[in-house]
Amino acid sequence: MKNKTVKVVLAVVVLGVCCGAYAGVKTYVAHQEQKESEEDSEESTTVFTASTDNIKSLDFMVDDTETTFEKDDDSWVKKDEIDFPVNQTTLDSAASAIASVDSDRVLEDVDDLSEYGLDSPSNTIKIVTKSDEEDGDDITTTLYVGDENSSTSQYYVRKDDDEKTVYLIDSSCVEPFAKSLNDYAQMEDFPAISNTDTITKISVDGDNSYELSKDEDTSTWSVKGSEDEEKADSATVSSLVSSFGSMAYSSLADYKCDDKSKYGLDKPYATITVDYQEEVADDDTDEDTQDDTTASGETADEDASSVEENSDDAEQDTESDESVSETTDETSEAEDTDGEEAEDETSENSDSASDNEDSSEEETKMADKQLTILVGNETDDSSRYVMVNDSNEVYTMSTDTLSALTDKSEEDFWDMTVSYVSLNSLGSLKVNYQGSDYKVNVSRETSTDDDGNDTETVTYKLNGSDLDETTFTTFYNKLINMTAQKRLTDKYEPDGDAELTAIFTEEDGDTQEVAYYSYDTNYYAAVVDNKVYLVNKMNVKELFTAFESVVGTEEDSSDKTDSDEATTDDTKSDSTDMPGESIEESDDSTSETAGITNDSDTSEEENTDSQETDSTEE
């Protein structure tokens, strides 16, 4: 029993010694691994290094094709295609990235390259550098690129013919060589129009074809599609026009397209054409100025020659008459002074001619230009292929940018102002409201004060009786500033009579008629000629209320004589032809008196523009 106990105790002691030894060994190994890891992190191995100025060429795989870019007089060129538009910045960046390659982990005695993707490299980068020796041969270094270590974002590479050593290098050394060919090409800038105010026409030919054109006299836009030409909404067109100042390509798709069908450009989805003007140097002016300068120079030479001839005559006079030598001296001095002044004048003329020549070089003129954009198929990244003007290069452009043009129709540009007639040109207004007829006549009289200043007085009469100006202009501005939310393109047959009909008669005799019909619970239908506008019902109700205020200000009179006189005044007002100048002054007086707020910002802006145009024309 005693021996058995001793054996157990000895076994426990041995076991404890073994456990302690194991723990000590484990700790030692851990310390050694940590030490080796720290040494690996602190030390780095140079895989390749060279001065970027000494790199003569870079050869690597591009789109599964071996491609070589080489230096030619400090500029990069594509070896097999000199015309390729190399992006110098992109190639310089690639050379800088590969000029210093270090590894913080080196694997030696590698038996299986497939573990690192180096049995079939994803890329092979050949770097040719100048020899350090003056007459030495160029040095070629080859780096084979394998798999990416996803945990460290580094790549495995091997160098030259060494298949036993693998380096782990930073991705920044490899990624500049992992692009498509077009990424190494220099993109052109889109020919954006610097001054979009010079655009006079925009046409789109496609599924939805239309044309926008600008009136050079009034600067108003019109739109024409399959229907007749109509006035376009100024705000909508302005937004479209301004976009041509900021258009840009997304990417280069083909630097030398020889088959448009690959991009759908042989039969474009749409063709966009823009007519505009651009400031260019006026060469004709330069030639004219040079002719003037030459003529000025000849005149100066003649003046100088004349001065010399006068000087010679003075010397001859001095030799022929010695008795008047003092006088001759004074004359000679005077002539010398004149000669110096003539020379100064000649110099000034020359300087002036030079200044004129310099000034002429800066003179410019406006030249007609045209921008043509072919729009092709859609790409995989919400873009479309485009070709611009005569370029053979194909680019991509955002569909959002293009759809603002290609996905529109003429209807999107229609002006939604129902009926606008400037108050300045209004002669009379007939209104039928709920079956009753009313007529407003406008009279304008001009008086001149003692200082010669003209003052125009505008009066309004309703059915021959005086009408308050503010009340009428409040209603009138609601009438001419009424805007629709949409237009009907289908044939419209009114259900019942119009609730309000207004007939405008301008001073030149032109007329315009608008009739408001109840359409549904949301809209009234405003009919002008063959156009049917749908107008917010609340806005039309406000118009009716404003007219009821006009009718309520009519001055009733039971005196037949007064009524006859009013009728006579009414007739005179219809036949009176007021001079054009009075209308221009009426604009200010009417605006100051009325103090009216328009129903919409767009209509107010168009109203103001039209009134200014009317005043200018008159």
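This structure is a prediction, so every number in the text was calculated from the model and none was measured.

**Re the sheet that holds strand 18 (residues 394-398)**
Phase 1: Strand order across the open sheet formed by 9 strands is 13-12-11-10-15-16-17-18-14, with antiparallel pairing between neighbours. Each having just a single partner strand, strand 13 (230-231) and strand 14 (251-254) make up the two edges of the open sheet.
Phase 2: Where strand 12 (residues 221-224) and strand 13 come together, 2 bridges link them in antiparallel fashion. Within strand 13, the position partnered with serine 222 by the bridge is lysine 231.
Phase 3: Against the sheet, helix 3 (residues 234-243) touches strand 10 (201-206), strand 11 (210-214) and strand 12, its axis set at about 95 degrees to strand 11.

**Let's talk about the side chain of arginine 487**
Phase 1: Here arginine 487 shows up in strand 23 (residues 486-488).
Phase 2: Of note is the side chain of arginine 487, whose polar atom sits 2.5 Å from the side chain of glutamate 230.
Phase 3: Dropping the residues within four chain positions of it, arginine 487 is found in contact with Glu230, Trp414, Met416, Lys531, Val532 and Tyr533.

**A look at the nonpolar core**
Phase 1: Ranked by size, the top nonpolar core spans 101 residues in total, and within it Leu58, Leu429 and Tyr516 carry the most contacts.
Phase 2: Among the elements that make up this core, the one with the highest residue count is helix 8 (residues 537-552) (6 residues).
Phase 3: Apart from residues no more than four positions distant in its own chain, leucine 429 is found in contact with Tyr438, Lys439, Val440, Phe472, Phe475, Tyr476, Leu479, Ala502, Ile503 and Phe504.

**Quick word on the confidence of the model for the chain**
Phase 1: Here the chain averages 80 in pLDDT, while 70% of its residues score no lower than 70.
Phase 2: Under a pLDDT of 50 for its full length, residues 33-41 has, in the predicted model, 1 contact with residues more than four places off or in other chains.

**Here we look at the pattern of salt bridges**
Phase 1: On inspection of all chains with the given rule, the structure shows 13 salt bridges.
Phase 2: Note that glutamate 230 and arginine 487 form a salt bridge whose closest N and O atoms lie 2.5 Å from each other. With glutamate 230 in strand 13 and arginine 487 in strand 23, this pair connects stretches of sequence that are 257 residues apart.
Phase 3: Residue classification places glutamate 230 among the buried residues on the basis of a relative accessible area of 13%.
Phase 4: The class for arginine 487 is buried, based on a relative accessible area of 14%.
Phase 5: A salt bridge links lysine 491 to glutamate 493, with the shortest nitrogen-to-oxygen separation between them at 3.6 Å.
Phase 6: We classify lysine 491 as exposed; its relative accessible area is 75%.

**As for the pairing of strand 7 (residues 139-149)**
Phase 1: For strand 6 (residues 123-129) and strand 7, the ladder comprises 7 bridges, and the chain directions are antiparallel. Bridging across to strand 7, asparagine 123 finds its partner in valine 145.
Phase 2: Direction of pairing for strand 7 relative to strand 8 (residues 154-159): antiparallel, over a ladder of 5 bridges. Counterpart to valine 145 in the pairing with strand 8 is valine 157.
Phase 3: Between strand 7 and strand 8, which pair antiparallel in sequence order, lie 4 residues; one of them, serine 153, sits at a positive phi of approximately 55 degrees.

**Section: the environment of threonine 457**
Phase 1: By the element assignment, threonine 457 lies in strand 21 (residues 454-462).
Phase 2: The exposure class assigned to threonine 457 is partly exposed, which follows from its relative accessible area of 42%.
Phase 3: Sequence-wise, threonine 457 and glutamate 445 are 12 residues apart; in three dimensions their C-alpha atoms are separated by 5.2 Å.

Conventions adopted
Residues numbered from 1 in each chain as written. Predicted model: local features only at pLDDT ≥ 70, side-chain atom pairs only at ≥ 80, totals over all residues. Heavy atoms only, no water. Pairing = 2+ DSSP bridges. Helix = DSSP H or I, 4+ residues; strand = E, 2+ residues; numbered from the N terminus. Contact = heavy atoms within 4.5 Å. Axes fitted to C-alpha atoms, helices over the stretch in contact; angles between N-to-C directions. Polar contact = N/O pair within 3.5 Å; in protein donor to acceptor, adjacent residues only side chain to side chain. Core = buried A, V, L, I, M, F, W, Y, C linked by side-chain atoms within 4.5 Å. Buried < 20%, exposed > 50% of the residue type's maximum accessible area, 1.4 Å probe, protein only. pLDDT = per-residue confidence, 0-100. Salt bridge = Lys/Arg side-chain N within 4 Å of Asp/Glu carboxyl O.

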